[in-house]
Each structure stands twice: as structure tokens, then as C-alpha cells.
Amino acid sequence: MKYTVFMDMFSGGSQKEDWEYICVTLPEKDAIEWFEEYFGHDPLEVTCECCGQDYSVDEIKDLKELGDNPYVDEDNTQVFIV
């Protein structure tokens, strides 16, 4: 299964949602549309010109790919999976 992962870049100095990582089980284009409908904002938006995009967007094949990230704790409180 493929996941599209939205990683909050803290553009503008703050986290946009309750999770640093949002993983959606859709191809990237569809996941971006879902994200916009569900959260009400564009993940590719630039809140702060000096900081860049609000989210980094990547496709991964396995959630274990997030496991090496020190910001993801064992109970996945920093990850929202849909």
C-alpha cells in the first residue's frame, strides 16, 4: 500500500494541525485534494515566504519508513493515518 505523507514544516513558526505527520492512503494528487477538503487549507500553501511550503509532501510504500524519524514516538501521537 502507498501512503502520501504530509510533514508539517512549521512554516510561519507553528504547527498547522494536531499532528506533525499526516499519512493518507491515496496517491499524491488525490491525497492533496482530500487534505484540502478535510482540513480546509492547501498543504502546498506558503504561509511565510522565508520559510517555504507549509508541508513537505512525499509518497512512501510502508509506514516503517517513518520509524527512523526521531519525532515519531512509539504510540504514533505525532502521526495521523487515514
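Each chain carries its own residue numbering, running from 1 in the direction its sequence is written. Local features are withheld for residues below a pLDDT of 70 in this predicted model, meaning they are given only at 70 or higher, and side-chain atom pairs are given and counted only at 80 or more; totals for whole chains, interfaces and linings count all residues. Working from all heavy atoms in the structure, the side-chain values ignore hydrogens and water.

Caption draft 1: Examining the environment of D42 more closely. Note on conventions: DSSP H or I runs of at least 4 residues are helices, E runs of at least 2 residues are strands, and numbering of each starts at the N terminus. Structurally, D42 is set in the loop between α1 (28–39) and β3 (55–60). Of the residues examined, D42 reaches a relative accessible area of 29% and is grouped as partly exposed. For the pair D42 and Y55, spaced 13 residues apart in sequence, the C-alpha separation works out to 9.1 Å. If we skip the residues at most four places from it in the chain, D42 touches E36 and D54. Looking at D42, its side chain comes within polar contact range of the main-chain nitrogen of L44, at 2.8 Å. Each residue is placed in one exposure class: buried if its accessible area under a 1.4 Å probe, protein chains only, is under 20% of its type's maximum, exposed if it is over 50%, and partly exposed if it falls in between. Note on definitions: a residue-residue contact is assigned when non-hydrogen atoms from the two residues lie within 4.5 Å. A 3.5 Å cut-off defines polar contacts: any pair of N or O atoms within that distance qualifies, except that in protein one atom must be a possible hydrogen donor and the other a possible acceptor, and neighbouring residues in sequence count only when both atoms are side-chain atoms.

Caption draft 2: Expanded view of the confidence of the model for the chain. On a scale of 0 to 100, pLDDT captures the predictor's confidence in every residue. Across the chain, pLDDT averages 83, with 83% of residues at or above 70. Strand β4 (residues 79–81) is the least confidently modelled element of the chain, averaging 70 in pLDDT, while α1 averages 95, the highest of any element.

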